[in-house]
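Structural characterization, general
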Amino acid sequence: KYYYRGIIMVISFIGASANVNAASGNLTVTPPATQTNDIMILAVTSHDNVAISLPAGWTIYQEANNTAAMRASLAWKRAVGAEAAFVVTHAAGDGIVANVVVYRGCIDTGSPINISTLTSNASSSTCTANSITTTATGCMILFTMHDSDNGSSSAQSATDPATFVEEFDNTSTSGLDEAVSGADNLQSAQGATGNATGSLSLGPDVNSGGLT
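Residues numbered from 1 in each chain as written. Predicted model: local features only at pLDDT ≥ 70, side-chain atom pairs only at ≥ 80, totals over all residues. Heavy atoms only, no water.

One pass over the full model with this rule turns up three aromatic pairs. For the ring pair Phe-13 and Tyr-103, a centre distance of 6.0 Å and an interplane angle of 65° mean the geometry is edge-to-face. Residue Phe-13 is located in strand E3 (residues 12–16), and its partner Tyr-103 is located in strand E10 (residues 96–104); the two are separated by 90 residues in the primary sequence. Geometrically, the ring pair formed by Trp-58 and Phe-86 is tilted, given 4.8 Å between the ring centres and 40° between the ring planes. Of this pair, Trp-58 sits in the loop between strand E6 (39–46) and strand E7 (59–65) while Phe-86 is found in strand E9 (residues 86–88), placing the two residues 28 residues apart along the sequence. Accessibility classification places Trp-58 together with Phe-86 in one group, the buried group. (Phe/Tyr/Trp six-rings, centres within 6.5 Å; stacked < 30°, edge-to-face > 60°. Helix = DSSP H or I, 4+ residues; strand = E, 2+ residues; numbered from the N terminus. Buried < 20%, exposed > 50% of the residue type's maximum accessible area, 1.4 Å probe, protein only.)

Below, the structure written as structure tokens:
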């Protein structure tokens, strides 16, 4: 928790979108119910190296190819009331999956992203995201796992937070297979999270890990 304008603020998880996927092309994502100043985080995996684009208001803050077989993207948007479904533009390419999570109690001006990283890993059944060092108290840490196969994710952990709660696990057999998952927890104190790791049920495959 932290104090903002004299009010104790605690960031809380509100909900995650339904799993969506496509064998190629664009993808429509419907966020859970939002209120003004809620923060939406979008996590995307595609089995190609085709860059995505998003509607006005979205900011892509991490993206990387991990060979031609996988691209991972992370983006955020501040909600303006109840947000409607939106399109992830993905010109042609192969299979794509995406989910949105919503958080409440974040700062209500400026970027809510204190720090982030996206780590591209060699073929493995373990997904790793390199440690981030937060500079604010009460950060919600989101660990996203992006897989070039459709393996499910589990056993997410780091130093702080020591455990994560999985909020979505989107495994798709569309196209050449791909997956994305997200797990979160509040950090106990500002500072280093330590590397985050999680298990992938299939593989080994090239994968990427994001910490936000």
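Next up on the list: the confidence of the model for the chain. Scored by pLDDT, the chain comes out at a mean of 95, with 96% of its residues at no less than 70. In this model residues 1–7 is a low-confidence stretch, pLDDT under 50, and it forms 17 contacts with partners more than four residues away in sequence or in other chains. (pLDDT = per-residue confidence, 0-100. Contact = heavy atoms within 4.5 Å.)

This model, assessed by the stated rule, comprises three salt bridges. Two residues, Asp-38 and Arg-104, come together in a salt bridge whose shortest N-O distance is 2.8 Å. Of this pair, Asp-38 sits in the loop between strand E5 (27–29) and E6 while Arg-104 is found in strand E10, placing the two residues 66 residues apart along the sequence. The class of Arg-104 is partly exposed, set by a relative accessible area of 25%. Between Glu-83 and Lys-77 there is a salt bridge whose closest N-O contact spans 2.9 Å. Of the two residues examined, Glu-83 and Lys-77, each falls in the buried class. (Salt bridge = Lys/Arg side-chain N within 4 Å of Asp/Glu carboxyl O.)

For the structure shown, the criterion picks out zero disulfides. Cysteine Cys-106 shares no disulfide, and the gap to the nearest cysteine sulfur, in Cys-139, comes to 9.4 Å. (Disulfide = S-S within 2.5 Å.)

In this section: the sheet that holds strand E11 (residues 117–124). Read across the sheet, five strands follow the order E11-E18-E13-E16-E15 without closing on themselves; strand pairing throughout is antiparallel. If you trace the sheet from one side to the other, it starts and ends with E11 and strand E15 (165–172), each paired once. In this sheet, adjacent strand axes meet at a mean angle of 15° when their direction is disregarded. With eight bridges connecting them, strand E13 (residues 140–147) and strand E16 (residues 178–186) associate as antiparallel partners. Paired with Met-140 across the two strands is Leu-186, which belongs to E16. (Pairing = 2+ DSSP bridges. Axes fitted to C-alpha atoms, helices over the stretch in contact; angles between N-to-C directions.)

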